Amino acid sequence: MRHSEFWERMDHHLGEGYARVWADTQTMADLDGRTALEALEAGVPPKQVWRAVHARLELPASER
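Residues numbered from 1 in each chain as written. Predicted model: local features only at pLDDT ≥ 70, side-chain atom pairs only at ≥ 80, totals over all residues. Heavy atoms only, no water.

Student: Before we move on, could you go through the overall build of the protein and cite the residues and values that matter?
Tutor: In terms of regular secondary structure, the protein is built from four helices and two strands. Secondary structure elements of the protein occur, N-terminal to C-terminal, as α-α-β-β-α-α. Over its C-alpha atoms the protein spans a radius of gyration of 10 Å, differing by no more than 12% from the 11 Å that the globule rule assigns to 64 residues. In terms of overall dimensions, the protein has a C-alpha envelope of 25 × 25 × 20 Å along the principal axes. Split into buried and exposed, the 64 residues of the protein put 31% on the buried side. Residue pairs at least 24 apart in sequence account for 42% of intrachain contacts in the protein once pairs closer than 6 positions are excluded. For the protein, the accessible surface area stands at approximately 4000 Å², while carbon and sulfur atoms represent 44% of it. Distance between charge centres in the protein, computed from 8 positive and 11 negative side chains, equals 7 Å. (Helix = DSSP H or I, 4+ residues; strand = E, 2+ residues; numbered from the N terminus. Rg over C-alpha atoms; globule rule 2.2 N^0.38 Å. Buried < 20%, exposed > 50% of the residue type's maximum accessible area, 1.4 Å probe, protein only. Contact = heavy atoms within 4.5 Å. Areas by Shrake-Rupley, 256 points an atom, 1.4 Å probe, with all protein chains shown as cover. Lys, Arg positive; Asp, Glu negative; His and termini not counted. Charge placed at Lys NZ, Arg CZ, Asp CG, Glu CD.)

Following this line, the structure appears as structure tokens:
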């Protein structure tokens, strides 16, 4: 998964206006207490970050 696909999925599920705010404010245990944005900036692969977001948002398996 590329960063662009990650952000497309975030925009789809949270809306363009809120996706980046959410990614910058919600910490996740699956990302060692980092936000999605912090994890991406630290070099965590977007697919791994998406899995953490997916679990946190409790999205259906079909959205994985």
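Student: Tell me what's going on with the nonpolar core, and back it up with residues and numbers.
Tutor: One finds F6, M10, M28, A36, V49 and V53 to be the most contacted residues of the largest nonpolar core, which totals 17 residues. Contributing elements (two or more residues each) for this core: α1 (3–14), α2 (16–25), α3 (36–41) and α4 (46–57). (Core = buried A, V, L, I, M, F, W, Y, C linked by side-chain atoms within 4.5 Å.)

Student: Tell me about the pattern of salt bridges, and name the residues and values.
Tutor: For the structure on display, the rule yields two salt bridges. Salt-bridge contacts for E5 lead to R9; the nearest nitrogen and oxygen are separated by 2.8 Å. Residue E5 and its partner R9 are located together in helix α1, separated by four residues, close to a single helical turn. E5 sits in the partly exposed class, given a relative accessible area of 30%. Overall, R9 belongs to the partly exposed group, its relative accessible area being 23%. Residue R34 is joined to D32 by a salt bridge in which the shortest nitrogen-to-oxygen separation is 3.9 Å. (Salt bridge = Lys/Arg side-chain N within 4 Å of Asp/Glu carboxyl O.)

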